[in-house]
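# Summary of structural features
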Amino acid sequence: MIHPKLNPYLSDEDRDFYNTVFQFAEEKVLPTALERDETETWSDDLWNEFGKAGLAGLSMPVEYGGQGANCLQCSQATDAFAAGSLDGGMGLSWAAHMIIGAMPIVFQGTEEQKKRFLPKLASGEWIAGFALSEPSSGSDAASLLTRAEETPDGWKLNGSKMFITNGPVGQVFIVMARTSEKGRGPLGISAFIVEDSRKGFKVSKILKKLGHHTSMTAELVFEDMVIPKENQLGPINSGFLRIGKENLEWERTVFVAGLAGAMEFCFRAGMRYARERIQFGKPIASFFGMKEILVKNWVYVQAARRLIYWVAERKDKGIPSPLESSLGKLISSEISEDVAKDSVQLFGGYGYMKEYSVERFYRDVKLGTIGGGTSEIQRSIISSLYPGKQKFTAEFAKLETVSDESDRIQNLLFDILIQMDGQSARKKQQPIEFAFADVLSLFVILSQSHSDLSTSLQYYSKEEKMIDRSLITFFLVGKYLSSLSRLSGFVKEELNSIWSSYQKLGEKIESLVNERFLTLQEIS
């Protein structure tokens, strides 16, 4: 059971569900996480517990044995799981199974395919995975070389896949293969349901990784592997486009939600340690440097949650959100790296030791800015999918009343977006493209924090939200200031004004940190 103020964005019903997953993670997973990480082993017994708890089939429809959870509920679940266990590897395998492994069948499968595969995936009897990346194609996934040739007996599959989560332990994989040379890029790529029991399937190599040691990753090889025609998933030659469109937004939301929970774990652990660790005759929690780390970690946790839950809610309403899901992944993965680094720093020498869980998160967190599309790819997506001035201003507007420096900075970011709208350099020069994406990301986060002020949350007072808004403005603008400076040739006046407001915020930061740190004592 977590303190309700730790996650103020949950309804009472959501909180019961969140606490159930949190308790499962804390009681079933956390006790063995260190040993499994150290030995880099997969636990079938633990996976069976996922099946018993109904978590293996969380995302899958009820009629096929699943729980029928929507995108928001799945995101809350991976958040809660990480908050309770900080087992990034097991969380990764679980999310890969229920989202990118099973959901393509839910979205594109025939009734026969759903009846055949989903019940065993939902129960956990079978484990699923997704095979897209190859040794020579990562970010440029559409350049894949694996091919499927149609034969009288089915499809003959040849090629290899790299970095496949659940590769050594899975039974069912969604495999992308080229089926036509007529199309370019993603055209001509089809999806297939591949079973490990068929001749020609091989786990070529189990891969050793920096982190996520409790999740098994492999290179898969297909050698003249014949796949039944009924295992073709979705339309021929458009599997990549169909499944990518439907699945990637789920992936970039549900997977990333685990980072919010992991950051919370580190925050709670850091608060306990800072109170207990005595140096120079007093707890290190009394030193400003430690308070600032903990307060920054706190506002990063809530900024990530607010963003991820917002994207998930859009998805559940049927609103296409490729830009928003990329934005959520970009910011959440990058600030989680800061939380991991600062948490190890707070623990000092003990943070460098394996028996302290923050060390594990420091290794695990790096995957966030790589897997599911690198940060560089996300910035390109965000900039390219920016809808233009007319559509943007239909959803967002400048604040009519400016009350503080956060309001001023938010309005200045809005002005920059509008002024950069017609600049050709935004699409031709990658430094400008990336900086524009960062401006848009910062603006959305500040816009959400401002919307929070007028939203009644039982466990998050307006006074707390106002302080956190000032803090997130200071920390994030400082983090991305060098990126924003690349736009100085276009919006110099606006950038100078942002810098002026940022300096004024800096003059208040010590008092803001001290004030917020005091109020956080009750929840940690």
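Residues numbered from 1 in each chain as written. Predicted model: local features only at pLDDT ≥ 70, side-chain atom pairs only at ≥ 80, totals over all residues. Heavy atoms only, no water.

### Some details on the overall build of the chain
Secondary structure summary: the chain contains 17 helices and ten strands in total. In terms of overall dimensions, the chain is globule-like: its C-alpha atoms have a radius of gyration of 23 Å, near the 24 Å expected for 524 residues. Across the 524 residues of the chain, 60% fall into the buried class. Across the chain, every contact between residues at least 6 apart in sequence was considered, and the portion connecting residues at least 24 apart equals 77%. Only carbon and sulfur atoms are counted for the fraction: they give 51% of the accessible area of the chain, which is about 21400 Å². With 60 positive and 67 negative side-chain charges, the chain shows a spacing of 4 Å between the two charge centroids. (Helix = DSSP H or I, 4+ residues; strand = E, 2+ residues; numbered from the N terminus. Rg over C-alpha atoms; globule rule 2.2 N^0.38 Å. Buried < 20%, exposed > 50% of the residue type's maximum accessible area, 1.4 Å probe, protein only. Contact = heavy atoms within 4.5 Å. Areas by Shrake-Rupley, 256 points an atom, 1.4 Å probe, with all protein chains shown as cover. Lys, Arg positive; Asp, Glu negative; His and termini not counted. Charge placed at Lys NZ, Arg CZ, Asp CG, Glu CD.)

### Section: the pattern of salt bridges
Throughout the structure, instances matching the rule amount to 33 salt bridges. With a shortest N-O distance of 3.4 Å, Lys 5 and Glu 522 are connected by a salt bridge. Here the residue Lys 5 occupies a position in the segment before α1 (12-39), and Glu 522 occupies one in the segment after α17 (488-520), the gap between them amounting to 517 residues. A salt bridge links Lys 315 to Glu 249; the shortest N-O distance between them is 3.1 Å. Taken together, the residues span a long stretch of sequence, with Lys 315 in helix α8 (residues 288-316) and Glu 249 in helix α7 (residues 239-276) at a distance of 66 residues. Several salt bridges converge on common partners, so that one network encompasses Lys 5, Glu 464, Asp 468, Arg 516 and Glu 522. (Salt bridge = Lys/Arg side-chain N within 4 Å of Asp/Glu carboxyl O.)

### Considering the pairing of strand β5 (residues 189-195)
By the criterion of burial, β5 is predominantly enclosed, with seven of the seven residues buried. Of the two faces of β5, the one carrying Ile 189, Ala 191, Ile 193 and Glu 195 and the one carrying Ser 190, Phe 192 and Val 194 are both buried. As paired elements, strand β4 (residues 172-178) and β5 share seven bridges and run antiparallel to each other. Along β5, the bridge assignment pairs Val 175 with Phe 192. Pairing geometry for β5 and strand β8 (residues 232-233), over two bridges, is antiparallel. What sits directly across from Phe 192, in β8, is Gln 232. (Pairing = 2+ DSSP bridges.)

### Brief notes about the side chain of Arg 305
Structurally, the position occupied by Arg 305 is in helix α8. Looking at Arg 305, the relative accessible area reads 0%, which means it is buried. Beyond its immediate chain neighbours, meaning those up to four positions away, Arg 305 contacts Leu 6, Asn 7, Tyr 9, Tyr 18, Asp 79, Ala 260, Gly 261 and Glu 264.

### Concerning helix α2 (residues 44-52)
Three or more residues of α2 are buried, namely Leu 46, Trp 47 and Phe 50. Around the axis of α2, the buried residues are gathered within 100 degrees of arc, so they sit on the same side. Turned more than 90 degrees away from the buried face of α2, the exposed residues are Asp 45 and Lys 52. Summarising the contacts, the buried residues of α2 are in contact with α1, α3 (71-85) and α4 (88-101). Positive phi shows up at Gly 54, right after α2, with a value of about 80 degrees. (Arc of directions from axis to C-beta.)

### Observations regarding unusual backbone geometry
Outside of glycine, negative phi angles account for most residues, and trans bonds account for most peptide bonds. Positive phi is not limited to glycine here, since Leu 86 has a value of about 50 degrees. Structurally, Leu 86 can be placed in the loop between α3 and α4. For Asn 166, which is not glycine, the phi dihedral falls at a positive 75 degrees. Relative to the assigned elements, Asn 166 resides in the loop between β3 (154-165) and β4. Residue Asn 166 is classed as buried on the basis of its relative accessible area of 0%.

### Quick notes on the packing of aromatic side chains
Counted under the stated rule, the structure contains 28 aromatic pairs. Between Phe 474 and Phe 475, the ring centres sit 5.7 Å apart and the planes meet at 70 degrees, which makes this aromatic pair edge-to-face. Take Phe 475: its relative accessible area is 7%, and that puts it in the buried class. In this structure an aromatic cluster arises from ring pairing among Phe 24, Trp 42, Trp 47, Phe 50, Phe 81 and Trp 94. The ring centre of Phe 436 lies 4.5 Å from the NZ or CZ of Arg 426, which sits over that ring. (Phe/Tyr/Trp six-rings, centres within 6.5 Å; stacked < 30°, edge-to-face > 60°. Lys NZ or Arg CZ within 6 Å of the ring centre and 35° of its normal.)

### Quick notes on a nonpolar patch on the surface
Where nonpolar side chains cluster on the molecular surface, the patch consists of Tyr 350, Tyr 352 and Met 353 and spans about 360 Å² of accessible area. Mapped onto the fold, Tyr 352 is located in the loop between α9 (322-347) and α10 (357-364). The exposure class of Tyr 352 is exposed, given its relative accessible area of 67%. (Patch = residues over 30% accessible without salt bridge, like charges linked within 9 Å, V, L, I, M, F, W, Y side chains within 5 Å.)

### Examining the packing of α1 against α3
Between two packed helices, what matters for the description is the angle formed by their axes and the separation of those axes. Two elements in contact, α1 and α3, have axes whose closest approach is 7 Å; the angle formed by their N-to-C orientations is 40 degrees. As summarised for this structure, α1 and α3 are arranged oblique, according to the angle between their axes. For the pair α1 and α3, the sense of crossing is right-handed. Residue-level inspection shows Asp 14, Phe 17, Tyr 18, Val 21, Phe 22, Phe 24, Ala 25, Glu 26, Val 29, Leu 30 and Ala 33 of α1 in contact with α3, the latter providing Gln 73, Gln 76, Ala 77, Asp 79, Ala 80, Phe 81, Ala 83, Gly 84 and Ser 85. (Axes fitted to C-alpha atoms, helices over the stretch in contact; angles between N-to-C directions. Parallel < 35°, antiparallel > 145°, perpendicular 65-115°, else oblique. Left-handed = near helix turned anticlockwise from the far one by under 90°.)

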